[in-house]
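Residues per chain are reported as follows:
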Amino acid sequence: MKTLTIDVVSDVVCPWCYIGKRRLERALALLSIQYPDVDPEVRWHTFQLNPDLSPEGMPRADYVFNKFGAAGIAKYEHIATVGKEVGISFAFDKIVRQPNTVVAHSLIAVSEPGMPQDVMVEALFKAYFLEGRDLTEASVLMDIAESAGMDRAVAEAHLQNSDLHSQTIDSDKAAREMGISGVPFFIFNRQVGLSGAHEAETLLQGMVEAMNAATND
């Protein structure tokens, strides 16, 4: 089997990242049909849309107005429409708090790349965008982690691990130092980068380009 690494830089409160995840899943399905001898490994990495947000977050309505003004409603209506196209029923009206995401990202960082990490990422997206859960609450994060298969006591220890949180912040800074300023950002075999929630066919094209580059090296 040939290997293909897929590094995804993302934030759990980024709706386009959730859409990007669905499009990536579709691209991987296409890859498995066209290139059955390729074994992809997906790894999720930290990016904070709002790195300066306080640990307790802020009211969602204030956040949307401060960032987008009166255009915020139309912006999220458009995102909701695109979400439906990929099977996501965004419930933006349920979100009452815009969280700082350092601790949530820490749960992703300690999850094993592959299915365990994918399940954790999906659980956080679902909790925030479909259920409107408050990701600043430790009990909520423990519930989410437990639903993703992590032992509750282990999750609690991660939530209290300041060294882990510092590493997560460093990962966010590293992404910015690489020149990443928006997410989702996809990196295939550490050679081909794509910024944005591209359609599955475009993501697949990036994968093939990266594999061809590796073959030619």
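To be clear, the structure that these remarks concern was listed above.
The residue numbers shown here count from 1 along each chain, following its written sequence. Residue-level local features of this predicted model are given only where pLDDT is at least 70; pairs of side-chain atoms are given and counted only at 80 or more, and the full residue set underlies all totals for whole chains, interfaces and linings. Only hydrogens and water are removed before side-chain values are computed, so all heavy atoms of the structure are retained for them.

## Things to note about the sheet that holds strand E6 (residues 192-195)
Then comes step 1: Two strands qualify as a pair provided that DSSP identifies no fewer than 2 bridges between them. Elements are defined by DSSP. Helices are runs of H or I of four residues or more, strands are runs of E of two residues or more, and each kind is numbered from the N terminus. Pairing in this open sheet of four strands is mixed, and the strands run E2-E1-E5-E6 from one edge to the other. The open sheet has two free edges, formed respectively by strand E2 (38-46) and E6, since each of these has just one partner strand. Going across the sheet, the axis of each strand differs from the next one's by a mean of 20°, ignoring polarity. Simply put, an axis is a line fit to the C-alpha atoms, just over the touching stretch for a helix, and the angle between two N-to-C directions goes from 0 to 180 degrees.

## Some thoughts on the pairing of E6
Then comes step 1: With burial as the criterion, only one face of E6 is covered, namely that bearing Val192 and Leu194; the residues Gly193 and Ser195 on the opposite face remain uncovered.
Then comes step 2: From the end of strand E5 (residues 185-188) to the start of E6, which pair antiparallel, there are three residues, and Asn189 there has a positive phi angle of about 50°. Only protein chains enter the area calculation, which uses a 1.4 Å probe; residues under 20% of their type maximum are buried, those over 50% are exposed, and those in between are partly exposed.

## Observations regarding the packing of helix H1 (residues 15-34) against helix H9 (residues 200-216)
Think of two packed helices as two axes; the pair is described by the angle between the axes and how far apart they sit.
Then comes step 1: Running from N to C, H1 and H9 cross one another at 55°; their axes reach a closest spacing of 8 Å. Here H1 lies oblique to H9, going by the angle between them. Helix-helix and strand crossings are classified by hand; for H1 and H9 the assignment is right-handed. Counted together, Arg23, Leu24, Arg26, Ala27, Leu28, Leu30, Leu31 and Gln34 of H1 and Ala200, Glu201, Leu203, Leu204, Met207 and Met211 of H9 form the full contact between these two elements.
Then comes step 2: Here the residues of the contact of H1 with H9 are counted per class, giving ten nonpolar, one polar and three charged. An angle below 35 degrees is read as roughly parallel, one above 145 as roughly antiparallel, one from 65 to 115 as roughly perpendicular, and any other as oblique. Note on convention: the crossing is left-handed when the near helix lies turned anticlockwise from the far helix by less than a right angle, right-handed when the turn is clockwise. Only heavy atoms enter the contact rule, under which two residues are in contact if any of them lie within 4.5 Å. In this classification, Asp, Glu, Lys and Arg are treated as charged, Ala, Val, Leu, Ile, Met, Phe, Trp, Tyr, Cys and Pro as nonpolar, and every other residue, Gly included, as polar.

## Points about the packing of aromatic side chains
Then comes step 1: Centres within 6.5 Å are what make two rings of Phe, Tyr or Trp a pair, Trp counting through its six-membered ring; a difference in plane orientation under 30 degrees is then read as stacked, over 60 as edge-to-face, and the rest as tilted. If you walk through the whole model with that rule in mind, you get eleven aromatic pairs.
Then comes step 2: Geometrically, the ring pair formed by Phe90 and Phe92 is stacked, given 4.9 Å between the ring centres and 10° between the ring planes. For the residue pair Phe90 and Phe92, the accessibility class agrees, reading buried in each case.
Then comes step 3: What links up through ring pairs into an aromatic cluster is the set Tyr18, Phe68, Tyr76, Phe90, Phe92, Phe125, Tyr128 and Phe129.
Then comes step 4: Geometrically, a lysine NZ or arginine CZ counts as sitting over a ring once it is within 6 Å of the ring centre and also within 35 degrees of the ring normal. Seen from the ring of Tyr76, Arg60 lies directly overhead, with NZ or CZ sitting 4.8 Å from the centre.
Then comes step 5: The ring of Phe47 carries Arg176 above its face, with NZ or CZ at 4.2 Å from the centroid.

## Concerning the nonpolar core
Then comes step 1: Grouping buried Ala, Val, Leu, Ile, Met, Phe, Trp, Tyr and Cys residues that are joined through side-chain atoms within 4.5 Å yields what is termed a nonpolar core. Ranked by internal contacts, the top residues of the largest apolar core, which has 68 residues, are Leu124, Phe188 and Met207.
Then comes step 2: Ranked by residues supplied to this core, first place goes to helix H5 (residues 115-130) with eight residues.
Then comes step 3: Once you skip the residues sitting within four places of it in the chain, Met207 turns out to touch Leu4, Ile6, Leu24, Ala27, Leu28, Leu31 and Phe188.

## Brief notes about the pattern of salt bridges
Any two side chains of opposite charge can pair, on the condition that their charged atoms come close.
Then comes step 1: By definition here, a salt bridge exists when the distance from a side-chain nitrogen of Lys or Arg to a carboxyl oxygen of Asp or Glu is within 4 Å. Applying the stated rule across the entire model yields twelve salt bridges.
Then comes step 2: Between Lys2 and Asp37 there is a salt bridge; the shortest N-O distance is 3.7 Å. Here Asp37 lies in the loop between H1 and E2 and Lys2 lies in strand E1 (residues 2-10), a separation of 35 residues in the sequence.
Then comes step 3: Residues Arg22 and Glu122 are paired through a salt bridge, measuring 2.6 Å at the closest nitrogen-oxygen approach. Pair noted here: Arg22 is in helix H1 and Glu122 is in helix H5, with a separation of 100 residues, a long-range link. Exposure class is identical for Arg22 and Glu122. Each is buried.

## Looking at unusual backbone geometry
Then comes step 1: In this chain, Val183 is followed by Pro184 through a cis amide linkage whose omega measures 10°.
Then comes step 2: With respect to the helices and strands, Pro184 occurs in the loop between helix H8 (162-177) and E5.
Then comes step 3: At Asn189, a position not held by glycine, the phi torsion is positive, near 50°.
Then comes step 4: Along the chain, Asn189 falls in the loop between E5 and E6.
Then comes step 5: For Arg190, which is not glycine, the phi dihedral falls at a positive 60°.

## Description of the side chain of Asn189
Then comes step 1: The class for Asn189 is buried, based on a relative accessible area of 16%.
Then comes step 2: Ignoring any residue separated from it by four or fewer positions in sequence, one finds Asn189 in contact with Thr3, Leu4, Thr5, Ala210, Met211 and Ala214.

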